[in-house]
Amino acid sequence: PAPAPAPVANLVPEQLVAGAVVEAAAGVASTDEAVSHTQALLLLQAESRIRELENQLQAQVAGEIKRREAQRDADTLTFQHALSDERIKAKEHLAQEVASVRSDYERTLAAELTTIRQHYLAELQEHLQVQQKIHEKDIQERSVELTKKIKEESESELNLRVGRERAARLALYETHYQRLKGVESILASRADLEATMARNAALATAAVGLRTALDTAQPLRPQVELLLAACGASDTVVPAVLASIPSSALDNGVTPVAETITRFPEVKCAVRRLALVPDNGSLADHALAWVASSLTFQKHGLVPGDDVEAILARAEYYVNHSDIEAAARELAQLSGNAGRVAHSWVVQARTRLEAAQAVALVDAYVDLQNLSVV
């Protein structure tokens, strides 16, 4: 659109003069040639001045448009910053809500697992008691029947063979005595079997509790004490296996595999940065190491070599494939500042592996004990 005309108040005196000249020149008719020439010059000057004024007005309008566009861009940028801040606040609030829900769920799950474990343990003990009473009653009834049968046979034999040789009667008594010894042997073996079954059931229950404590990152000492109490003094395998569990796992539990894997990128970043810092390095050394680590290309996969980047690449490969043991072996090769930074992660991973290995051996031992009874 064409620019709006400037208000009269804003016109300079020269503009007013030019306008008056144009009006006067247009309203006066003169036949004189000199006057006509002068009027033509005045008209040309007025038209030139008018074009200059129009150009100035267009420049002012263009400047106003640019100023308003710049103001609009500034307002848009302010709105975008405000919108970004609101999004960040919403994300932080959502993360807090998720953490709270996860914490409540974990506490509820732990309580339910404890209740279920206690319930099944009580049912198992009650079932064992009932089975023991049934076996004892069955043994007693069989003993009474067998004794009665033996007595009847003895009386019949004695009535039929009265007067026979004393040697024959002694042979018959010997036969009955051997039968009674057989019954006694059966009773003793049944009692041993029941004791073994009760011990295996207690071992299995304690082993399940130990596995649950390992998976839920709980202290293992209570479950280890239950296992030691269930195995008895004659068992040397279970105490030897449980003695290999690190004391930190007994008192504080072990870190879950997922958490160990999640923490690895942080450890890797710290190792790459501090590997370039000399011992007793200054703040400037740390700053230079940080810049150098940012500019250094990282290696990936099972690359050969004993440098820090190669070791970290292999460890990262093993972590991505959930092979925590191999990753810990790789990081254990680090020395100096890098080794000190990775030490806590290596100890954490090895504690988890040693505890898991001990629990697996206990489970295998319990299975072998159950199979031996069958």
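Just so we're clear, the structure is a prediction, and the values are computed from it rather than from any experiment.

Draft legend 1. The overall build of the protein, seen in detail. The helix and strand tally for the protein stands at eleven helices and zero strands. Sorting the 374 residues of the protein into buried and exposed places 23% on the buried side. If you take every contact in the protein between residues at least 6 apart in sequence, the share linking residues at least 24 apart comes to 63%. Carbon and sulfur atoms form 59% of the exposed surface of the protein, whose accessible area is close to 25,600 Å².

Draft legend 2. Just the packing of aromatic side chains, in detail. Counted according to the given criterion, the structure contains two aromatic pairs. Measuring from centroid to centroid gives 5.5 Å for Phe-264 and Trp-345, while their planes differ by 65 degrees, and the two rings are edge-to-face. Note that Phe-264 is positioned in helix α7 (residues 257-274) and Trp-345 in helix α11 (residues 336-373), a separation of 81 residues in sequence. An identical accessibility class is assigned to Phe-264 and Trp-345; each is buried.

Draft legend 3. Local environment of the nonpolar core. Residues Leu-220, Leu-242 and Ile-245 are the most contacted members of the largest nonpolar core, which totals 24 residues. Those elements that place two or more of their residues in this core are α3 (166-215), α4 (221-231), α5 (237-242), α6 (247-252) and α11. Leave out the neighbours within four places in its chain, and Leu-220 touches Leu-210, Ala-213, Leu-214, Ile-245, Ala-249, Leu-250 and Ala-355. Counting 17 residues, the second largest nonpolar core, distinct from the first, contains Phe-264, Val-271, Ala-328 and Leu-334.

Draft legend 4. Broad picture of the pattern of salt bridges. Applying the stated rule across the entire model yields ten salt bridges. Across the salt bridge formed by Glu-52 and Arg-49, the nearest N and O atoms sit 2.8 Å from each other. Taken together, the residues Glu-52 and Arg-49, both in helix α2 (residues 33-160) and three residues apart, mark about one turn of the helix. In this structure, the salt-bridge partner of Arg-107 is Asp-104, at a minimum N-O distance of 2.3 Å.

Draft legend 5. Quick peek at the confidence of the model for the protein. Per-residue pLDDT for the protein has a mean of 76; in total, 80% of the residues score no lower than 70. Within the protein, no element has a lower average pLDDT than helix α8 (residues 283-295), which sits at 48, and none a higher one than α2, at 86. Below pLDDT 50 for its whole length, residues 1-14 participates in ten contacts with residues either more than four positions away or in separate chains. A low-confidence stretch, residues 288-292 (pLDDT under 50), is modelled with five contacts involving residues beyond four sequence positions or located in other chains.

Draft legend 6. Structural detail: unusual backbone geometry. One non-glycine residue with positive phi stands out, namely Ser-322, at about 60 degrees. Topologically, Ser-322 is positioned in the loop between α9 (308-320) and α10 (324-331).

Draft legend 7. Quick peek at a nonpolar patch on the surface. Together, Tyr-105, Leu-109 and Leu-113 line one region of the surface with nonpolar side chains, adding up to about 270 Å² of accessible area. Structurally, Leu-113 can be placed in helix α2. Under the relative-accessibility criterion, Leu-113 is labelled partly exposed at 31%.

Draft legend 8. Focus on the side chain of Gln-223. In this fold, Gln-223 is placed in helix α4. Given a relative accessible area of 15%, Gln-223 falls into the buried group. Beyond its immediate stretch of four places on either side in the chain, Gln-223 contacts Ala-206, Gly-209, Leu-210 and Ala-213.

Draft legend 9. Spatial organisation of the packing of α9 against α10. Packing of α9 against α10 leaves a shortest axis separation of 8 Å and a crossing angle of 165 degrees. Relative to α10, α9 is oriented roughly antiparallel. In this structure, α9 meets α10 at a crossing whose hand is left-handed. Together, Ile-311, Leu-312, Arg-314, Ala-315, Tyr-318 and Val-319 of α9 and Ala-326, Ala-327, Glu-330 and Leu-331 of α10 make up the contact between the two elements. Grouping the constituent residues of the contact of α9 with α10 by class yields eight nonpolar, no polar and two charged.

Draft legend 10. Region of the structure containing α9. Relative to the 18 Å expected for 13 residues at 1.5 Å per residue, α9 spans 18 Å between its end C-alpha atoms, a close match to the ideal helical length. Here α9 has its buried residues at Glu-309, Ala-310, Ile-311, Leu-312, Ala-313, Arg-314, Ala-315 and Val-319. Just downstream of α9 lies Ser-322, where phi reads positive at about 60 degrees.

Draft legend 11. A look at the side chain of Thr-212. Locating Thr-212 in the fold gives a position in helix α3. Residue contacts for Thr-212: discarding those within four places in its chain leaves Leu-113 and Arg-117.

Draft legend 12. Local environment of α4. Buried within α4 we find Gln-223, Val-224, Leu-227, Ala-230 and Cys-231. For α4, the angular spread of buried residues about the axis comes to 125 degrees, placing them on one side. The positive-phi residue at the C-terminal boundary of α4 is Gly-232, with phi of around 90 degrees.

Rules and cut-offs
- Residues numbered from 1 in each chain as written.
- Predicted model: local features only at pLDDT ≥ 70, side-chain atom pairs only at ≥ 80, totals over all residues.
- Heavy atoms only, no water.
- Helix = DSSP H or I, 4+ residues; strand = E, 2+ residues; numbered from the N terminus.
- Buried < 20%, exposed > 50% of the residue type's maximum accessible area, 1.4 Å probe, protein only.
- Contact = heavy atoms within 4.5 Å.
- Areas by Shrake-Rupley, 256 points an atom, 1.4 Å probe, with all protein chains shown as cover.
- Phe/Tyr/Trp six-rings, centres within 6.5 Å; stacked < 30°, edge-to-face > 60°.
- Core = buried A, V, L, I, M, F, W, Y, C linked by side-chain atoms within 4.5 Å.
- Salt bridge = Lys/Arg side-chain N within 4 Å of Asp/Glu carboxyl O.
- pLDDT = per-residue confidence, 0-100.
- Patch = residues over 30% accessible without salt bridge, like charges linked within 9 Å, V, L, I, M, F, W, Y side chains within 5 Å.
- Axes fitted to C-alpha atoms, helices over the stretch in contact; angles between N-to-C directions.
- Parallel < 35°, antiparallel > 145°, perpendicular 65-115°, else oblique.
- Left-handed = near helix turned anticlockwise from the far one by under 90°.
- Nonpolar A, V, L, I, M, F, W, Y, C, P; charged D, E, K, R; others polar.
- Expected span 1.5 Å × (residues − 1).
- Arc of directions from axis to C-beta.

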